[in-house]
Number of protein chains: 2
Amino acid sequence: MFVLGVDPGLTTTGFGAVRKTVGSIEVAAAGVIRTDPGLPTPGRLADLYGDFVGLIEDVRPEGVAVERVFVNKNRLTATRVGQASGVIMLAAALAGIEVFEYTPSAVKAVVTGDGSASKTQIQQMVARRLGLSAPPAPADMADALAVAMCHIQSMGTRVGRLTAAQGARR
Amino acid sequence: MFVLGVDPGLTTTGFGAVRKTVGSIEVAAAGVIRTDPGLPTPGRLADLYGDFVGLIEDVRPEGVAVERVFVNKNRLTATRVGQASGVIMLAAALAGIEVFEYTPSAVKAVVTGDGSASKTQIQQMVARRLGLSAPPAPADMADALAVAMCHIQSMGTRVGRLTAAQGARR
């Protein structure tokens, strides 16, 4: 399974591609896409779209897992996050890649076992599961890796067994 | 001035193209784009994007005026509206068309003079200003025409004079 996790945002979109095979799980690519806050929104959406199209052409994930917009911030931020997630889903759909959405609380619950886990707890769990030497940063990239992990862990029993094996190695 | 007003939505996106010349104002095209509620969201966004790209190729507006997402509904609806507005802005940006955003209260205030006007009041004013024999329907198309009117009325003194002339003809 090879999934690209995405934490969408107009200013900063985090991404993290995670490849899981039998007995191994690794980060294939991770980072952030930023757009120029000095540009009008439509131009920023076009830049984000272009960069994300380039990313999926490079990474070629089998699926894209997107963190669902969290509208509990201020109105304008929520609008911009929604717009960013729209162009990301569009890019994936036009490339023929299946898209999955996960709410922030689902990501927390699946990755840490606690739907109200803190950002720090999620980052520590992601680092441990992916064998990273330090919690991933910046935060948007960490969130994207968490969404990718959430998707992988949600996809059935083989993932469950892998998780158990990782637990035993700790 | 030739502007395409848009009221974005994943299920139904209203549009209305209004052309204003010295002494005349007319609806050049108006209607709705619908997507299949039975499809997954990314596919619906791709369908909306494709239809909207076709629309702006046909209509060739000088500008696109979009009603800003109103997040005071339920969370998931707000997310979907944001995503729809994102792909619409993207399509306009990639076509090199300037995009303008107006909040619902700005549309109400500019079109009717009352920021808390009812839907019915807006539709009646749009019908009167555009010389329509009946209030425009469906509601999403009416809202799109109102956004287009808002943009035209916001664009300066020549529009102000036209509005005054229309008022005198009543």
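The numbers attached to residues start from 1 for each chain and follow its sequence in the written order. A letter from A marks each chain and a number from 1 marks each ligand, given out in the order of writing. With pLDDT at 70 or above as the cut-off, local features in this predicted model cover only qualifying residues; side-chain atom pairs require 80 or more to be listed or tallied, and sums for whole chains, interfaces and linings still use all residues. As a rule here, side-chain values come from all non-hydrogen atoms in the structure, and water together with hydrogens is ignored.

*Asks:* Give a description of the confidence of the model for chain A that names residues and reports values.
*Replies:* Residue-level confidence of the predictor is what pLDDT reports, using numbers from 0 through 100. Scored by pLDDT, chain A has a mean of 88; 88% of the residues are at 70 or more. Only heavy atoms enter the contact rule, under which two residues are in contact if any of them lie within 4.5 Å. Segment residues 157–170 of chain A is flagged for pLDDT under 50; beyond a separation of four residues in sequence, or across chains, it makes 14 contacts in the model.

*Asks:* Describe helix α2 (residues 75–94) of chain B, listing the residues and the values that go with them.
*Replies:* Structural remark: α-helix, 3.6 residues per turn; residues separated by three or four positions point the same way. All names here are of chain B. Here a strand is any run of E in DSSP of at least two residues, a helix any run of H or I of at least four, and the numbering for each starts at the N terminus. A helix's residues, less one, multiplied by 1.5 Å, set its expected span. The first and last C-alpha atoms of α2 sit 29 Å apart over 20 residues, in line with the 28 Å expected at 1.5 Å per residue. Burial here depends on accessible area, computed with a 1.4 Å probe over protein chains only, as a share of the maximum for the residue type. Under 20% is buried, over 50% is exposed, and the range in between is partly exposed. Most of α2 sits inside the fold, with 15 of its 20 residues counted as buried. Of the residues trailing α2, Gly 96 is marked for its positive phi of about 75°.

*Asks:* An account of the nonpolar core is needed here, citing residue identities and associated values.
*Replies:* Ranked by internal contacts, the top residues of the largest apolar core, which has 52 residues, are Leu4(A), Phe52(A), Val64(A), Leu4(B), Phe52(B) and Val64(B). Contacts of Val64(B), omitting those with residues within four sequence positions, involve Val3(B), Leu4(B), Val6(B), Phe52(B), Ala92(B), Ile97(B), Glu98(B), Val99(B) and Phe100(B). Only buried Ala, Val, Leu, Ile, Met, Phe, Trp, Tyr and Cys residues count toward a nonpolar core, and they belong to the same one when joined by side-chain atoms within 4.5 Å. Judged by nonpolar contacts, the second largest core, of 21 residues, contains Val18(B), Phe100(B), Val107(B) and Ala148(B).

*Asks:* Any chance you could break down the interface of chain A and chain B for me, citing the residues and the numbers?
*Replies:* By convention, interface size is frequently given as the accessible area that disappears when the constituent parts associate. The interface is formed by 27 residues belonging to chain A together with 27 residues belonging to chain B. Put simply, buried area is the surface a 1.4 Å probe can reach on two separate parts but cannot reach once they are joined, added for both. A buried area of about 2,100 Å², summed over both sides, lies between chain A and chain B, and 70% of it is on carbon and sulfur atoms. Salt bridge criterion: a side-chain nitrogen from Lys or Arg within 4 Å of a carboxyl oxygen from Asp or Glu. Linking chain A with chain B are 2 salt bridges. Of the charged contacts, one joins Arg80(A) and Glu101(B) as a salt bridge, the two residues approaching to 2.7 Å between their closest N and O atoms. Polar contact criterion, stated in full: a pair of N or O atoms within 3.5 Å, where within protein one must be able to donate a hydrogen and the other to accept it, and residues adjacent in sequence count only if both atoms are side-chain atoms. Linking chain A to chain B there are 6 residue pairs in polar contact (both at pLDDT 80 or more). Put simply, the parts of the chain that give the side of chain A that touches chain B at least two residues each are α1 (41–59), α2 (75–94) and β5 (98–102) of chain A. The greatest single-element share of the side of chain A that touches chain B, amounting to 14 residues, is contributed by α2(A).

*Asks:* Go over the pairing of strand β3 (residues 24–34) of chain B with me, naming the residues and quoting the values.
*Replies:* Residue and element names in this part refer to chain B. Where strand β2 (residues 12–21) lies against β3, 10 bridges are found, and the strand directions are antiparallel. Considered in β3, the bridge of Thr 13 is made with Ile 33. Strand pairing is defined by DSSP finding a minimum of two bridges between the two strands. Turn length for the β2-β3 hairpin, with the two strands adjacent in sequence and antiparallel, is 2 residues, and the turn residue Gly 23 shows positive phi of about 85°.

*Asks:* Please give an account of the relation of the copies chain A and chain B that cites residues and values.
*Replies:* To line up the copies, we fit them by least squares on C-alpha atoms, keeping just the residues with pLDDT of at least 70 in both. Overlaying chain A with chain B gives an RMSD of 0.0 Å, the required rotation being 180° about an axis along which the chain moves by 0.0 Å. In short, the pair behaves as if placed about a two-fold rotation axis. Interface overlap between copies is the fraction of interface residues in one copy that are interface residues in the other; for chain A against chain B it reaches 100%, indicating a shared surface.

*Asks:* Quick rundown of the pattern of salt bridges? Include the residues and the values.
*Replies:* Oppositely charged side chains are able to pair whenever their charged atoms sit close together. Under the criterion given, the structure shown has 6 salt bridges over all chains. Note that Glu101(A) is salt-bridged to Arg68(A), the shortest N-O span being 3.6 Å. Taken together, the positions of Glu101(A) in strand β5 and Arg68(A) in the loop between β4 (63–67) and α2 put the pair 33 residues apart, joining distant regions of the chain. Several salt bridges share partner residues, and in doing so they unite Arg68(A), Glu101(A) and Arg80(B) into one network.

*Asks:* Could you give an account of the side chain of Thr13(B), naming the residues involved and the relevant values?
*Replies:* Turning to its location among the elements, Thr13(B) is positioned in strand β2. When neighbours within four sequence positions are excluded, Thr13(B) is seen to be in contact with Val6(B), Asp7(B), Pro8(B), Gly31(B), Val32(B), Ile33(B), Leu48(B) and Ile88(B).

*Asks:* Let's hear about the packing of helix α1 (residues 41–59) of chain B against α2(B): which residues, and what values?
*Replies:* Residue and element names in this part refer to chain B. One way to put it is that α1 packs onto α2 with a least axis distance of 9 Å and a crossing angle of 35°. Every pair of crossing elements has a handedness; the one defined by α1 and α2 is right-handed. The residues of α2 that touch α1, namely those facing Thr 41, Leu 45, Leu 48, Tyr 49, Phe 52, Val 53 and Ile 56, are Arg 80, Gln 83, Ala 84, Val 87, Ile 88, Leu 90, Ala 91, Ala 92 and Leu 94. Of the residues contributing to the contact of α1 with α2, the split by class is 13 nonpolar, 2 polar and 1 charged. Only the contacting stretch of a helix is used when fitting its axis, a line to C-alpha atoms as for every element, and angles between N-to-C directions run 0 to 180 degrees. The sense of a crossing depends on the near helix, which, turned anticlockwise from the far helix by less than a right angle, makes the crossing left-handed and, turned clockwise, makes it right-handed. Gly is put with the polar residues, along with every residue not named as nonpolar or charged; the nonpolar set is Ala, Val, Leu, Ile, Met, Phe, Trp, Tyr, Cys and Pro, and the charged set is Asp, Glu, Lys and Arg.

*Asks:* Could you give an account of α1(A), naming the residues involved and the relevant values?
*Replies:* Along its 19 residues, α1(A) runs 26 Å from first to last C-alpha, staying within 8% of the 27 Å computed at 1.5 Å per residue. For α1(A), the full list of buried residues reads Thr41(A), Pro42(A), Arg44(A), Leu45(A), Ala46(A), Leu48(A), Tyr49(A), Phe52(A), Leu55(A), Ile56(A) and Val59(A).

*Asks:* Provide a residue-level description of the sheet that holds strand β1 (residues 2–7) of chain B, including the pertinent values.
*Replies:* Residue and element names in this part refer to chain B. Pairing in this open sheet of 5 strands is mixed, and the strands run β3-β2-β1-β4-β5 from one edge to the other. This sheet does not close on itself; its edge strands, each paired only once, are β3 and β5 (98–102). Across the sheet, the mean angle from the axis of one strand to that of its neighbour is 20°, orientation sign disregarded. Both β1 and strand β4 (residues 63–67) contribute to a ladder of 4 bridges, which runs parallel. For Val 3, the partnering residue across the bridge sits in β4 and is Gly 63.

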